[in-house]
Amino acid sequence: FFFFFFFFKQKTAYEISACLVGSEMCIRDRYIAVPVKNWLNVVQRFSVSWKLPESADPATFIRGATTFDVAGGSTKDYKLNFLAYKEGACTFTLTFKNEETGEYIFYQIQINVGPPEPYPEIEVASIVRDSTIRVITIENPLSTAVTITKSQFTVDSNYIFITPDTVTISPQREGAIEINFRPLVVETKEATLRLVNPDLGVFVYKLLLKGLKSTVQRSMHFKVSLGSELVQTFRFIHYVKAPTTYTVKLQRLSDSSKDSPLTEFKAEQTTIQAPAAESNSGTELSLGVKFEPNTIGESRAILAITSSEGVEYSCLLYGHGVAPQPQPITRIQAGKASAIDFRNPLSEKAEFAVRFDNPCFSLANKLAGLLDAGKSVQLQVKFDYSEGQSNTGRMIVTTKGFPAWVYYLHGEK
């Protein structure tokens, strides 16, 4: 690792000079073994000193014992601790002096400091779209304060962001930096985080990032009477920092008793165009989901919103169709027909019958046989005023196997 050149010179005191050349990685403590030879046959005690040139970087540190004993006629390694925060060449003088005789030996030591070794791997795991934090500490060994900003960090992952924006570390103190991880897909991936600071040099951190599947499933519940509909809004946060197209799909749950196509749930859009998220907090997006039951009972489906990048949002949909509810009063002018809309809410063709509980009300038109699934028709209802007869009544629409639809009527002269 080191090689030595010894030069002997005769001065007023015995002097030996040597040159050591080696390589070290920066931002790590390294012990340099310096062989010190005792040219006398008796024990010598040396005082040890070292001197860095004025041009040396302030983030370079040398530590070692200030006294060192070597047995007579032997060679002993002196361990010198060398710490450099920045890459480059460093040259300094190391001197061992016998204070009693004035004799000394000195070394010109040159160390080429290379790129830093990465710190031990940091594992960061989080459920998709949830955020977790790992804290790293950075020591400031200098005699002046050091400022670290978010812009000094680079990382090859879109799911990592650094907080706070700025940290000022006092002299000989430590500062804390937060690594925030919010995965958007289920995967395990390695990443490298680098900090390049003008005062402290380069720090490299290896990250093992794990996006975990959520154990919590969002859900929406609908309770709607047959013949009616309800729209609810599904909201989600878009975190991708690039324009993204989401595809919307609805699928009946496989364990449902129905095998028919899914018609009772409908999404108001088949795609969602999302702009790039401007911050780490993301952008809220929304989608309208409509439930329109076609029978009385339970319907279940799953809503899936996906992107080509692998981002996925899902929601379980629970729909409960209940018996038709009586409709608000329709006012009908005597001698004039008023239209009342009626739609076949069932999933198949059906024949409907219309009757009234007051003979003053009647149907001006007739229903023509079977009514297709989902098709609407206008029922023209007329009112014939009759003295002494009630001017209120009900229109009752029925079909086999289902409760009736009731429409309240009020006749006016």
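Residues numbered from 1 in each chain as written. Predicted model: local features only at pLDDT ≥ 70, side-chain atom pairs only at ≥ 80, totals over all residues. Heavy atoms only, no water.

J.: Teacher, can you tell me more about the overall build of the chain here?
T.: When its secondary structure is counted, the chain shows 0 helices and 35 strands. In terms of overall dimensions, the chain has a C-alpha envelope of 145 × 40 × 30 Å along the principal axes. Pairs at least 24 residues apart make up 68% of the contacts formed inside the chain by residues separated by at least 6 positions. Surface summary for the chain: the accessible area is close to 22300 Å², and the carbon and sulfur share equals 49%. In the chain, 43 side chains carry a positive charge and 42 a negative one; their mean positions are 5 Å apart. (Helix = DSSP H or I, 4+ residues; strand = E, 2+ residues; numbered from the N terminus. Contact = heavy atoms within 4.5 Å. Areas by Shrake-Rupley, 256 points an atom, 1.4 Å probe, with all protein chains shown as cover. Lys, Arg positive; Asp, Glu negative; His and termini not counted. Charge placed at Lys NZ, Arg CZ, Asp CG, Glu CD.)

J.: Would you mind going over the sheet that holds strand S33 (residues 376-383) with me for this structure?
T.: The strand order S28-S33-S31 describes an open sheet built from 3 strands, whose pairing is antiparallel. The open sheet has two edge strands with one neighbour each: strand S28 (337-343) and strand S31 (361-363). On average, adjacent strands in this sheet sit at an angle of 35° to one another, irrespective of strand direction. Pairing of S31 with S33 involves 3 bridges; the strand directions are antiparallel. If you follow Leu363 over to S33, its bridge partner there is Val381. (Pairing = 2+ DSSP bridges. Axes fitted to C-alpha atoms, helices over the stretch in contact; angles between N-to-C directions.)

J.: For this particular structure, what's the right way to read the pattern of salt bridges?
T.: Pairing between side chains of opposite charge can happen when the charged atoms of each approach one another. Per the stated rule, a full pass over the model turns up 12 salt bridges. Glu292 is the partner of Lys266 in a salt bridge, and the nearest nitrogen-oxygen pair spans 3.7 Å. Separated by 26 residues along the polypeptide, Lys266 in strand S22 (residues 265-267) and Glu292 in the loop between strand S24 (283-291) and strand S25 (297-307) bring together distant segments of the chain. A relative accessible area of 36% means that Lys266 is categorised as partly exposed. In this structure Glu292 comes out as buried when scored by relative accessible area, which is 13%. By sharing partners, the salt bridges in this structure join Lys266, Glu292 and Arg343 into a single network. (Salt bridge = Lys/Arg side-chain N within 4 Å of Asp/Glu carboxyl O. Buried < 20%, exposed > 50% of the residue type's maximum accessible area, 1.4 Å probe, protein only.)

J.: Quick question: what am I supposed to make of the side chain of Thr60 here?
T.: Relative to the helices and strands, Thr60 resides in strand S5 (residues 60-63). When its relative accessible area of 12% is taken as the criterion, Thr60 is described as buried. In contact with Thr60, not counting residues within four places along its chain, are Leu52, Phe82, Leu83, Ala84 and Cys90.

J.: I keep staring at the nonpolar core and nothing clicks. Help me out?
T.: A general trend in soluble globular proteins is that nonpolar side chains are found buried together. One finds Ile138, Leu207, Phe234, Tyr246, Leu303, Ile305 and Leu317 to be the most contacted residues of the largest nonpolar core, which totals 53 residues. The contacts of Leu317, once residues within four sequence positions are left out, are Met220, Phe222, Leu250, Phe265, Val289, Ser299, Arg300, Ala301 and Leu303. Judged by nonpolar contacts, the second largest core, of 21 residues, contains Val70, Leu80, Ile109 and Val113. (Core = buried A, V, L, I, M, F, W, Y, C linked by side-chain atoms within 4.5 Å.)

J.: Sorry, what's going on with the sheet that holds strand S23 (residues 271-274) here?
T.: Here we have 5 strands laid out as an open sheet, ordered S19-S26-S25-S21-S23, and mixed in their pairing. The two strands at the open ends of the sheet, each matched to only one other strand, are strand S19 (219-225) and S23. Adjacent strand axes in the sheet meet at a mean angle of 25° when their direction is disregarded. Here S25 pairs with strand S26 (residues 312-322) via 10 bridges, running antiparallel. Paired with Ala304 across the two strands is Ser314, which belongs to S26.

J.: Just to check I follow, could you spell out the confidence of the model for the chain for this structure?
T.: Detailed reading of predicted coordinates is not advised where the pLDDT is low. Overall, the predicted model of the chain reaches an average pLDDT of 88, with 91% of residues at or above 70. A low-confidence stretch, residues 1-25 stays under pLDDT 50, and its non-local contacts, those more than four residues away or across chains, total 69 contacts. (pLDDT = per-residue confidence, 0-100.)

J.: Quick question: what am I supposed to make of the side chain of Ser299 here?
T.: Position of Ser299 among the secondary structure elements: in strand S25. Among the residues examined, Ser299 registers a relative accessible area of 4% and is labelled buried. Here the side chain of Ser299 touches Glu264 through a polar contact of 3.0 Å, side chain to side chain. (Polar contact = N/O pair within 3.5 Å; in protein donor to acceptor, adjacent residues only side chain to side chain.)

J.: I tried to follow unusual backbone geometry on my own but got confused; where do I start?
T.: Trans peptide bonds make up most of the peptide bonds, and negative phi angles are found at most residues other than glycine. Here the residue pair Thr163 and Pro164 is connected by a cis peptide bond, since its omega of -10° sits within 30 degrees of zero. Mapped onto the elements of the fold, Pro164 is located in the loop between strand S14 (160-163) and strand S15 (166-169). Backbone geometry places Arg129, a non-glycine residue, at a positive phi of 70°. Looking at the element boundaries, Arg129 is found in the loop between strand S10 (119-127) and strand S11 (132-140). Assessed through its relative accessible area of 22%, Arg129 is described here as partly exposed. In this structure, Gln172 is a non-glycine residue whose phi angle is positive, near 55°. By the secondary structure assignment, Gln172 is in the loop between S15 and strand S16 (173-181).

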